[in-house]
Amino acid sequence: MDAESVRRQLRLGENATAWLSRLEELGPPPEPVRLPQGDEARDLLHRLEVPAPDVEEIVAATPGPDRDPALWWLLERAHHELVRHMGDYKVKVRGGPTLPYETGAAARYFHVYVFLATLPALRRFHATRDIPEATTWETLTQLGESVAIHRRKYGEGGTNMPWWLTLLVRGLVYRLGRLQYNLAVAKDGTPVLGLHIPEVGGPLIPDIYYDSLRRARPFFERHFPEHGARAATGTSWLLDPQLAEYLAEDSHILQLRRGWTLLDSEPQDGDDAILEFVFRYNGQPLEELPQRSTLEKAVVTHLLAGRHWYQRSGRIELP
Ligand code: CO8
């Protein structure tokens, strides 16, 4: 098996070329890949909050080296790339793209299998950093969120934004209450925590938000003392000042945004981001999108008026 036959068999496109050649050069991992099977896999996936219909499909489609040699080749090497850079926030590894789905369920769930294959190494890494068991499991439920969003968006199983799972399974992301933080380094080399708001967890009630922010610094000082971030950063549709034209002054988004300082002078295009996070948009006509909340109405009204949304980058000092 080589990268070219893997590319052909899995019908990978141009967006996988660089990844494939990197993985070919890297080779298989020192320790063989092991995927959980049957009830062991079921129990684990339930604990990771993967929705029940996906659990059954994932278990049934679990690949093996003899049954799916091309997929296995890719799985071994994708896993190898992650364990090789476990915990190393200075190295940027975003994993590979979503695989084309025509070859079946194992390809659709490829990034779930990479996640499961890498979980034992991640847990060993968490143990070396003395990460509390509860934080490990709270963090790992991002897998379930990613699978649930994919099904809602496309009507079938898969993983939404697999690159985020890649950071998580490399031991760089931690969920503390309502928010997630990832160990990162700013362009000027300063350590920062990337701040993210997962979908699961309900409204961004200020007490809950500040409770999480207050936990961040002590957590990272204890478990990653060499990092030393003093601030969190984020790039988000939530920081677009135009939201103030539509949302109430006391909405959580406007309230919490006031603590952030915008860093960028050139905003990035944010239409795709806001459509993703508000609607999990999949190309339907704008007029058909649900119009239940103030925000849903704002997003559509703004776009139908020919205007655009922006993603802005900002920073907040950690308490
Ligand atoms: N979809 C539909 N309606 C929404 C949504 C949404 N995603 N979010 C808010 N609304 C509605 C509310 O229901 C409310 O409607 P109404 O006025 O009719 O009652 C109105 O908009 C105002 O809402 P709030 O400002 O009070 O916000 P909520 O606390 O309800 O929700 C959340 C905010 C939790 C962030 C929500 O939007 C959500 O779950 N989004 C999905 C995940 C997401 O977008 N994550 C952010 C990704 S970017 C990132 O993580 C980096 C962030 C760095 C900047 C942080 C700045 C604070």
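Computed from a predicted model, the values in this text were never measured in an experiment.

Undergrad: Which parts of the structure should I look at to understand the site of the ligand?
TA: Residues in close proximity to the ligand total 22 residues, the closest being L204, H252, I253, S293 and T294. Separating an oxygen atom of the ligand from a side-chain N or O atom of W237 is a distance of 3.1 Å. Contact with the protein chains covers 80% of the free accessible surface of the ligand, which is 1,100 Å². Ranked by residue count, the leading element in the shell around the ligand is helix α14 (residues 294-304), at three residues. Looking at side-chain class alone, the shell around the ligand contains 12 nonpolar, eight polar and two charged residues.

Undergrad: Help me understand the UniProt feature "domain: N-acyltransferase N-terminal" (unreviewed entry) in the chain, please; the structure alone is not making it clear to me.
TA: Mapped onto this structure's residue numbering, the UniProt feature "domain: N-acyltransferase N-terminal" (unreviewed entry) falls at residues 39-171. Span residues 39-171 is 65% helix and 0% strand, its end C-alpha atoms 26 Å apart.

Undergrad: Help me understand the nonpolar core in this model?
TA: Side chains that are nonpolar tend, in soluble globular proteins, to be buried together. In this structure, L48 and L74 are the most contacted members of the largest nonpolar core, which totals 78 residues. Ranked by residues supplied to this core, first place goes to helix α7 (residues 110-128) with 11 residues. With 17 residues, the next largest nonpolar core counts L247, L275, L303 and W309 among its residues.

Undergrad: Could you clarify how one ought to interpret α14 in this entry?
TA: What α14 keeps buried is the set L295, E296, A298, V299, V300, H302 and L303. Along its buried surface, α14 packs onto α12 (252-257) and α13 (271-279). In the segment just after α14, G306 is the residue with positive phi, at about 85°.

Undergrad: Please clarify how the confidence of the model for the chain should be interpreted in this entry.
TA: Low pLDDT marks regions whose predicted coordinates should not be analysed in detail. Per-residue confidence for the chain gives a mean pLDDT of 97, with 100% of residues at or over 70. If you check the scores for this complex, the pTM reads 0.97 and the ipTM reads 0.99.

Conventions we followed
Every chain's residues receive numbers from 1 upward, in the order its sequence appears when written. Totals for whole chains, interfaces and linings use all residues, but because this is a predicted model, local features are given only for residues with pLDDT of at least 70 and pairs of side-chain atoms are given and counted only at 80 or more. Neither water nor hydrogens contribute to the side-chain values; these are computed over all heavy atoms in the structure. Here, proximity means that at least one heavy atom of the residue falls within 4 Å of the molecule or strand. Within 3.5 Å is the distance limit for a polar contact, defined as a pair of N or O atoms, with the added protein rule that one can donate a hydrogen and the other accept it, and that residues adjacent in sequence qualify only through two side-chain atoms. Surface accessibility follows the Shrake-Rupley procedure with a 1.4 Å probe radius. Residue values consider only the protein chains on display as shielding. In this text, helices come from DSSP runs of H or I with a minimum length of four residues, and strands from runs of E with a minimum of two, each type numbered from the N-terminal end. In this classification, the charged set is Asp, Glu, Lys and Arg, the nonpolar set is Ala, Val, Leu, Ile, Met, Phe, Trp, Tyr, Cys and Pro, and all remaining amino acids, among them Gly, are polar. UniProt positions are given in the numbering used here, feature names are shortened, and annotations may be inferred rather than shown by experiment. The nonpolar core is taken to be a set of buried Ala, Val, Leu, Ile, Met, Phe, Trp, Tyr and Cys residues, with the residues joined through side-chain atoms within 4.5 Å. Burial classes: relative accessible area under 20% of the type maximum marks a residue as buried, over 50% as exposed, and values in between as partly exposed (1.4 Å probe, protein chains only). Working rule for contacts: check all heavy atoms of both residues, and any pair within 4.5 Å makes them a contact. Confidence of the predictor at the level of single residues is captured by pLDDT, which takes values from 0 to 100.

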